[in-house]
Structures are given as structure tokens and as C-alpha cells.
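Read off the chains here:
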Amino acid sequence: MPIHHIPAPPHIKAPPLSFGTRIGDLLFISGIPGFDADGHLPDEFEAQFANVVTNFTRVLTEGGVTLRDLVKVNVLLTRAADVAAMNRLYAAAFGPAPYPARTTCVVVALPDPKMLIEIEGIAAVTKT
């Protein structure tokens, strides 16, 4: 069974990883940070969240699925104070219910000190 790799956009300086990897009926999405189209991280949490959703959706689309095909999502935040805002924004972006299974963790840091959020996930590919 071939593995399909979805690379980072060419203008993004990414570590050695695929943004997504599809095998069979599963698409694994790497942790996606809130970089904008120019590869910069905005200072505001809401802007980073919006960028994550845009970048995450691009990977899902390239993998042949949508947000509705997500089965599991992991959200990493660097500030506990952002949990309520994240839940509100997440409900709007990933809804309506039912939502995928989700884990939310507040971590000490992410690879770039300016990163406030990173989201990774697994989607079911139900169509060819």
C-alpha cells in the first residue's frame, strides 16, 4: 500500500517532516502551528488559531478529506488562559457537532517561543 506524503508549503521553513501522511483510509496530520501565508507567527492567539485552521484545512484537502472526516484531534496550547478562547474558536471552526475526539494539553513550550497553539489530527478517508 503506497504512502502519500503532503509536504509543507514551499515558502514555510519546516523541520524534516511531512505536514500529512496518508496510508489506506487514514490521514495523519502533523502538528500544525499558526504561521500565516508568509511564514510569520502573529502575536495574537486568535490570529494564530485562524492560521492553524487554514493550514490544517489545506492538508486535509490535499489528503482528500474535510474537517468533518476528522476522528481525533490533539490541541497543544502554551497558555492555560487561552483554553476558553480555543474552545469557542474550535467550536466555530470544527463544528457543528458531532466533533472529533479531542485531547487538549497545556505545554511548557512549543518549538518556536512565539507559538501559542499547535493542532494535529487523524482523519478517516472514506472516499477515493
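Quick notes on the rules
- Residues numbered from 1 in each chain as written.
- Predicted model: local features only at pLDDT ≥ 70, side-chain atom pairs only at ≥ 80, totals over all residues.
- Heavy atoms only, no water.
- Phe/Tyr/Trp six-rings, centres within 6.5 Å; stacked < 30°, edge-to-face > 60°.
- Lys NZ or Arg CZ within 6 Å of the ring centre and 35° of its normal.
- Helix = DSSP H or I, 4+ residues; strand = E, 2+ residues; numbered from the N terminus.
- Expected span 1.5 Å × (residues − 1).
- Buried < 20%, exposed > 50% of the residue type's maximum accessible area, 1.4 Å probe, protein only.
- Contact = heavy atoms within 4.5 Å.
- Pairing = 2+ DSSP bridges.
- Axes fitted to C-alpha atoms, helices over the stretch in contact; angles between N-to-C directions.
- Arc of directions from axis to C-beta.

(A) Seen up close, the packing of aromatic side chains. Enumeration over the complete set of coordinates arrives at four aromatic pairs. The rings of Phe-56, Tyr-90, Phe-94 and Tyr-99 are connected pair by pair, giving a single aromatic cluster. Positioned above the aromatic ring of Tyr-90, the side-chain terminus of Arg-102 is 4.5 Å from the ring centre.

(B) Representation of helix α1 (residues 45–62) within the structure. Its 18 residues give α1 an end-to-end C-alpha distance of 26 Å, which sits within 8% of 26 Å, the value for a rise of 1.5 Å per residue. Residues of α1 that are buried include every one of Phe-45, Gln-48, Phe-49, Asn-51, Val-52, Val-53, Asn-55, Phe-56, Val-59 and Leu-60, and no others. Where the residues of α1 are buried, they touch β1 (3–6), β2 (20–23), β3 (26–33), β4 (70–77), α2 (83–94) and β6 (117–124). Of the residues trailing α1, Gly-64 is marked for its positive phi of about 85°.

(C) Inspection of the sheet that holds β6 at higher detail. The strand order β1-β2-β3-β6-β4-β5 describes an open sheet built from six strands, whose pairing is mixed. For this open sheet the edge positions go to β1 and β5 (101–106), each flanked by a neighbour on one side alone. Recorded for the sheet is a direction-independent mean angle of 10° between the axes of neighbouring strands. The pairing of β2 with β3 spans four bridges and is antiparallel. By the bridge assignment, Thr-21 is partnered in β3 with Phe-28. Taken strand by strand, α1 contacts β1, β2, β3, β4 and β6, and its axis lies near 155° from that of β3. Most of the contacts of α2 go to β4, to which it runs at about 150°, and overall it touches β4, β5 and β6.

(D) Fine view of unusual backbone geometry. Following Gly-95, the chain continues into Pro-96 via a peptide bond in cis, with omega recorded as 5°. Mapped onto the fold, Pro-96 is located in the loop between α2 and β5. A cis amide bond links Ala-97 with the next residue in sequence, Pro-98, at an omega value of 10°. If you trace the backbone, Pro-98 turns up in the loop between α2 and β5.

(E) Representation of α2. Taking 1.5 Å of rise per residue, 12 residues should cover 16 Å, and α2 covers 15 Å from first to last C-alpha, within 8% of that figure. Those residues of α2 not exposed but buried are Ala-85, Met-86, Leu-89, Tyr-90 and Phe-94. Buried residues of α2 fall within an arc of 130° about the axis and therefore sit on the same side. Turned more than 90 degrees away from the buried face of α2 sit Ala-84, Arg-88 and Ala-92, all of them exposed. Against α1, β4, β5 and β6 lie the buried residues of α2.

All we've got here are geometric facts, nothing functional implied.
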